[in-house]
Amino acid sequence: MNTAKSHRMRIPLRLLLFLFVFSLHFTGLFGVPENRSSILTASAASASMPGLNAKITQNNILKILNAYDSDGAYLLNNRIAAGDDVLTWFTGCSDILSGIDTAIHEETHIYSYAAEKNGRAAYFVGNQKTIYVPYTDVFPSVEMASSIPISLRTFRYSAYIADAEEDLASNADGIYGLLNEFMAYRSGMNTIVSLYDYLIDQDADWDTWMLFINECENDMQAYAEFKYFILHYLYYAKQNDPDVYKAIIRNAQFCKAYKKLENSYAKLIRQYQKDLTKLQKYYAKKGYTLTIKNGSISLTTPEKKTTTICRFYNTYLKLEKQLSKTRYTNLHNKLLSGVS
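All figures in this text were calculated on a predicted structure; none of them were measured in a lab. Chains are numbered independently. Their residues run from 1 in the order of the written sequence. The predicted origin of the model limits local features to residues at a pLDDT of at least 70 and limits the giving and counting of side-chain atom pairs to 80 or more, whereas totals for whole chains, interfaces and linings rest on all residues. Side-chain measures here rest on the full set of heavy atoms in the structure, leaving out hydrogens and waters.

Draft legend 1. The pairing of strand β5 (residues 296-300), seen in detail. The buried count for β5 comes to five of five residues, which makes it a mostly enclosed element. Type-normalised accessible area, obtained with a 1.4 Å probe on protein chains alone, sets the label of each residue: buried when under 20%, exposed when over 50%, and partly exposed for intermediate values. Note on conventions: DSSP H or I runs of at least 4 residues are helices, E runs of at least 2 residues are strands, and numbering of each starts at the N terminus. Of the two faces of β5, the one holding Ser296, Ser298 and Thr300 and the one holding Ile297 and Leu299 are both buried throughout. Here, strands pair whenever DSSP counts at least two bridges between them. Of the pairings in the sheet, the one linking strand β4 (residues 289-292) to β5 comprises four bridges and is antiparallel in character. Within β5, the position partnered with Thr291 by the bridge is Ser298. A loop of three residues connects β4 with β5, the two strands running antiparallel in sequence. The sheet contact formed by β5 and strand β6 (residues 306-310) spans five bridges and is antiparallel.

Draft legend 2. Examining helix α11 (residues 252-286) more closely. A rise of 1.5 Å per residue sets the reference length of α11, with its 35 residues, at 51 Å; its end C-alpha atoms lie 52 Å apart and thus fit the reference within 8%. Of the residues one or two after α11, Gly287 is the one with positive phi, at around 90 degrees. The span expected for a helix works out to 1.5 Å for each residue beyond the first.

Draft legend 3. Summary view of the nonpolar core. Among the buried residues, those of types Ala, Val, Leu, Ile, Met, Phe, Trp, Tyr and Cys that are joined through side-chain atoms within 4.5 Å form a nonpolar core. The biggest cluster of nonpolar side chains holds 101 residues, and the ones touching the most others in it are Tyr123 and Tyr272. Looking at this core, the element that brings in the most residues is helix α9 (residues 206-240), giving 20 residues. Any two residues having at least one pair of non-hydrogen atoms within 4.5 Å are treated as being in contact. Not counting residues up to four positions away in its chain, the partners in contact with Tyr123 are Lys129, Thr130, Ile131, Val133, Tyr176, Leu179, Asn180, Met183, Ala257 and Leu261.

Draft legend 4. Spatial organisation of the pattern of salt bridges. We define a salt bridge as a side-chain nitrogen of Lys or Arg found within 4 Å of a carboxyl oxygen belonging to Asp or Glu. Scanning all chains against the criterion turns up four salt bridges. When the shortest N-O distance is used, the salt bridge between Asp84 and Arg79 registers 3.0 Å. On the basis of relative accessibility, which here comes to 18%, the residue Asp84 falls in the buried class. The shortest N-O distance in the salt bridge between Glu217 and Arg311 comes to 2.8 Å. Linking Glu217 in helix α9 with Arg311 in the loop between β6 and α12 (313-323), this pair joins segments that are 94 residues apart in sequence.

Draft legend 5. Seen up close, the packing of helix α2 (residues 58-68) against helix α4 (residues 96-115). Contact geometry for α2 and α4: axes closest at 12 Å, N-to-C directions at 75 degrees. With respect to each other, α2 and α4 are oriented roughly perpendicular. Seen from α2, the contacting residues are Asn60, Ile61, Ile64 and Leu65; seen from α4, they are Ile96, Ile100 and Ile104. Looking at the contact of α2 with α4 residue by residue, the class counts come to six nonpolar, one polar and no charged. Between N-to-C directions, angles cover 0 to 180 degrees, with each direction set by a line fitted to C-alpha atoms, over the stretch in contact for helices. What sets the label is the angle itself: under 35 degrees gives roughly parallel, over 145 gives roughly antiparallel, 65 to 115 gives roughly perpendicular, and the rest give oblique. Charged residues are taken to be Asp, Glu, Lys and Arg, nonpolar residues to be Ala, Val, Leu, Ile, Met, Phe, Trp, Tyr, Cys and Pro, and polar residues to be all remaining types, Gly included.

Draft legend 6. Region of the structure containing the side chain of Ser296. Considering the arrangement of structural elements, one finds Ser296 in strand β5. Overall, Ser296 belongs to the buried group, its relative accessible area being 14%. Ignoring any residue separated from it by four or fewer positions in sequence, one finds Ser296 in contact with Thr291, Thr308, Ile309, Cys310 and Arg311.

Draft legend 7. Structural detail: the environment of Gly72. You can see Gly72 is positioned in helix α3 (residues 70-81). According to the relative accessible area criterion, Gly72 is buried, its value standing at 1%. The spacing of Gly72 and Ser187 is 115 residues in sequence and 7.8 Å in space, taken between C-alpha atoms. If we skip the residues at most four places from it in the chain, Gly72 touches Leu65, Ile104 and Thr191.

Draft legend 8. Inspection of unusual backbone geometry at higher detail. In this structure, Asn127 is a non-glycine residue whose phi angle is positive, near 55 degrees. As for its placement among the helices and strands, Asn127 is situated in the loop between β2 (120-126) and β3 (129-134). Given a relative accessible area of 64%, Asn127 falls into the exposed group. Of note, Lys304 is a non-glycine position whose phi angle comes to about 70 degrees, a positive value. By the secondary structure assignment, Lys304 is in the loop between β5 and β6.

Spelled out as structure tokens, the structure:
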């Protein structure tokens, strides 16, 4: 079993939020956006569904996930059966939503390492499926740190690459550890995006929606960061350690896991962007203005009071621009096709 460590980094909401208003709370503003297909079950619609301020208990967490996020429920049920105390990830949280992304992220790591067998990495790719990938020789990710341009040394560059602990998976396991982080961030975002309908059904206030936005923005940036780290690792290996490069590219199961994770992660980002647009249209009908810019998202009341939350979409776009370069698109396509 792999014993390398993993952890989740998120940009705290308190660092993202700045106010232009006298009050933060806009309650009762949300209804169900048009043309949104909900996976809410009949039992979830009952009065027994835990509310946004419900006590943080294992039972309440599972009730919500069972109704809205089958993958999240699958992961937590698996790890609870194995003896994990999932409430550990909610320490210091005031509500379930505040800790659920971190809980799913970390338990995805634990599930992955516990599921390894016969020297193969285990990647949870969604839909309750796991892909097993044989390890090949790698070099620590820190070796490529200096080759990453200063302008692209984003939020997670230091912790996961340049100054990563020696036994941190993203460093010690090279590209296999980087894909493991990509997997965990994808898993957390899947849960948060899945809970959009839960927030609608619970008439979430603006404070809660800011938390939703913050978590999605964090996970969206992580998508671009780790996709770049993965493809740059391959590019660096091709230039400096061809044997490592060839073994990875020829690892059909690695290619399969990367394809599944990348496709589903990109789909989650598109869904999140659609949800923002739906919220914007809903607010317009109520006389509120939801302004979505690359650097911020603002809510303005009919009384012209505005609350703004910062985004890191420009960082996402900068990384996406880098990833559009031929050197990276070629490597991405090689992984998608599994062709050496």
